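# Examining the three-dimensional arrangement
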Amino acid sequence: MTSPRLLAGSVCVVLAAGGVAACSSQPSGAASKTRLVVDSTVAPITDIVRQVVGDKVNLGGLIPERVDSHTFEPSPATVRSLAHADVLFMDGLHLEGSTLKQAQANMPHPVAQPTSAEASLDASAKGSEIIQMGDLTVGPSEYAFDFTFPKAKGDPNPHLWMNPLYAKRWSEIVRDVMSRRDPARASYYRDNQARFAAVIDRLDAAVADAVNSIPEDQKKLLTYPDSYAYFSRRYGIPIIGAVQPSDFSEPSPREIQDLIAQVKVNHVPAIFGSEVFPSTVLEQVAREAGAKYIDKLRDDELPREPGAPNHTYVGLIVEDVTTMVGALGGDASSMHSVPTARTWQA
Ligand SMILES: [Zn+2]
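Residues numbered from 1 in each chain as written. Predicted model: local features only at pLDDT ≥ 70, side-chain atom pairs only at ≥ 80, totals over all residues. Heavy atoms only, no water.

## Here's the deal with the overall build of the protein chain
Here is the rule: Per the convention used, a helix needs a DSSP run of H or I reaching at least four residues, while a strand needs a run of E reaching at least two, with both numbered from the N terminus. Between two residues, a contact is recorded if the distance between any of their heavy atoms is within 4.5 Å. A 1.4 Å probe and the Shrake-Rupley method give the accessible areas. Residues count as covered only by the protein chains that appear here.
Counting secondary structure elements, the protein chain contains nine helices and eleven strands. Considering only residue pairs separated by 6 or more positions, the protein chain has 63% of its internal contacts joining residues 24 or more positions apart. Accessible surface, the protein chain: about 15,000 Å² in total, of which carbon and sulfur atoms supply 53%.

## Concerning the nonpolar core
Quick reminder of the rule: Buried residues of nine kinds, namely Ala, Val, Leu, Ile, Met, Phe, Trp, Tyr and Cys, make up a nonpolar core once their side-chain atoms join them within 4.5 Å. To sort residues, take the accessible area from a 1.4 Å probe on protein chains only and compare it with the maximum for the residue type: under 20% means buried, over 50% means exposed, and anything in between is partly exposed.
Ranked by internal contacts, the top residues of the largest apolar core, which has 69 residues, are F89, W161, L203, F231 and Y313. Elements supplying a minimum of two residues to this core: α1 (43-53), β5 (87-90), α4 (164-181), α5 (186-212), α6 (229-235), β10 (270-274), β11 (292-297) and α9 (313-327). No other element matches the ten residues that α5 contributes to this core. When residues no more than four places from it in sequence are discounted, the contact partners of Y313 are P44, D47, I48, W161, N163, P164, A167, F196, I200, L203 and L302.

## Quick notes on the packing of aromatic side chains
Quick reminder of the rule: For this analysis, a ring pair means two rings from Phe, Tyr or Trp (six-membered ring only for Trp) whose centres lie within 6.5 Å, classed as stacked if their planes differ by under 30 degrees, edge-to-face if by over 60, and tilted for the remaining angles. The rule for a charge over a ring is simple: NZ of Lys or CZ of Arg within 6 Å of the ring centre, and within 35 degrees of the ring normal.
Considering all chains together, one arrives at six aromatic pairs under this definition. In this structure, R342 is placed above the aromatic ring of W344, and the distance from its NZ or CZ to the ring centre is 3.6 Å.

## Some details on the coordination of the zinc ion
Let me state the cut-off plainly: For Na, K and Ca the donor cut-off is 3.2 Å; for every other metal, N, O and S atoms count as donors within 2.8 Å. Water does not enter the count, which can leave sites looking incomplete. The geometry test gives tetrahedral to four donors whose angles all lie between 85 and 135 degrees, gives square planar to four donors and octahedral to six donors whose opposite members are over 155 degrees apart with all other angles between 65 and 115, and gives irregular to the rest.
Only H70 (NE2), H159 (NE2), D299 (OD) and D300 (OD) from the protein coordinate the zinc ion, and they sit 2.0 to 2.8 Å from it. Seen from the zinc ion, its four donor atoms lie at angles of 82 to 150°, and the figure they make is irregular. When the donor residues of the zinc ion are listed from N- to C-terminus, their spacing reads H-x88-H-x139-D-D. We classify D299 as buried; its relative accessible area is 2%.

## Considerations on the sheet that holds strand β6 (residues 111-112)
To be explicit about the condition: One requirement defines pairing of two strands: DSSP has to find at least two bridges between them.
As summarised here, the arrangement of the five strands in space is β4-β3-β5-β7-β6, forming an open sheet in which the pairing is parallel. On the outer flanks of this sheet lie β4 (58-61) and β6, each paired with one strand and no other.

## A closer look at the environment of S124
Mapping S124 onto the fold places it in the loop between β6 and β7 (129-132). Taking the C-alpha atoms as reference, S124 lies 8.8 Å from R180; in sequence the two are 56 residues apart.

## Some points on the pattern of salt bridges
Definition in use: Only one rule defines a salt bridge in this text: a Lys or Arg side-chain nitrogen within 4 Å of an Asp or Glu carboxyl oxygen.
Taken as a whole and assessed by the stated rule, the structure comprises 14 salt bridges. With a shortest N-O distance of 3.8 Å, D191 and R190 are connected by a salt bridge. Here D295 and K296 are joined by a salt bridge, their closest N and O atoms 3.5 Å apart. Assessed through its relative accessible area of 29%, D295 is described here as partly exposed. Look at K296 and you get partly exposed, because its relative accessible area is 39%. Ionic contacts of the salt-bridge type, sharing partners, join the residues E129, R180 and R181 into one network.

## Focus on the pairing of β10
The buried fraction of β10 is high, at five of five residues. Sheet analysis places β10 next to β11, joined by four bridges and oriented parallel. Bridge pairing links S274 to L297 in β11.

## Digging into helix α3 (residues 97-106)
For α3, the full list of buried residues reads S98, T99, L100 and A103. Buried residues along α3 sit in contact with α2 (76-83), β5 and β7.

## Some thoughts on the packing of α1 against α5
This is how it is decided: For helices, the fitted line uses only the C-alpha atoms of the stretch in contact; every axis is such a line through C-alpha atoms, and the angle between N-to-C directions lies from 0 to 180 degrees. Should an angle fall under 35 degrees it is taken as roughly parallel, and over 145 as roughly antiparallel, whereas 65 to 115 is taken as roughly perpendicular and any remaining angle as oblique. Residues are sorted three ways: Asp, Glu, Lys and Arg are charged, Ala, Val, Leu, Ile, Met, Phe, Trp, Tyr, Cys and Pro are nonpolar, and all the rest, Gly among them, are polar.
Between α1 and α5, whose axes approach to 7 Å, the crossing angle comes to 125°. Comparing their axes, α5 and α1 come out oblique. On α5, the residues touching I48, Q51, V52 and V53 of α1 are Y188, Y189, N192, Q193 and F196. For the contact of α1 with α5, a count of residues per class yields six nonpolar, three polar and no charged.

Function-wise, these values are silent; they only describe arrangement.
Below is the structure:
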């Protein structure tokens, strides 16, 4: 046994008389002990991790779907889960502040891995590990700041996963960390990641096609929540305004009037809200500016119910882009060819 937390191998039944009756290489009742325990935070991250680790680890998502990740406070269940975790994969960029604190306090001998895109992971880490994938993916020069995440506050927009290429980078990080922690399954993680990466490449091309089909004068995004900064940058669709102030409250009447003026002046055909966090403000802005209001976008949660074929990260991007591009007068048919079902194999 190389690691006390990875108890794979043979299990023997010891008879009361002292003799060994039978040994099995398939531990039965202790199956959970043979697996690493991996935690992650928001649902899109959990799904990206899942596509690499498949069913070979005990994976738990700490931040439940339909809960605001930005203001989430860890529960006793979070703490219990962290106390047994070998690895925690999270976004970083200050998104999951209180979860990070709980992880540092409750994970067994946590190694805080480097939090910069320039540094590489400590490959000799033996304790549990906290992997802030966002910090390993972008450096300060690539941070996006905006209305909800102003530079003055210092916290960049954390929604890196809305750019599928960052999601692909995360799958590589997961593959590398898991292959090091669980070398016996390295080829399993590698194959899963390769399939996921191939789908991400198709997704990225399809999103670009769909966004490019929007008439140039209608290619503008106004959304709530403010989650599309890296999407906007990747696909060249400008964000013309934001509705969610940096303290996650509602905008002031003055700000609402400014938004209405902006939507009118830009002739934006549709503005977008979240299915999970309805915004009465956006509804009002749309009504007064004569735009359509579509409350169907998601950023921190996955479409449909758990178990549905598109209840995946890729499904999230496909559904968002289909909704967005259609409402802005573009052609989203390129999204039909992107497989949204899971790519991991048992
Ligand atoms: Zn968010």
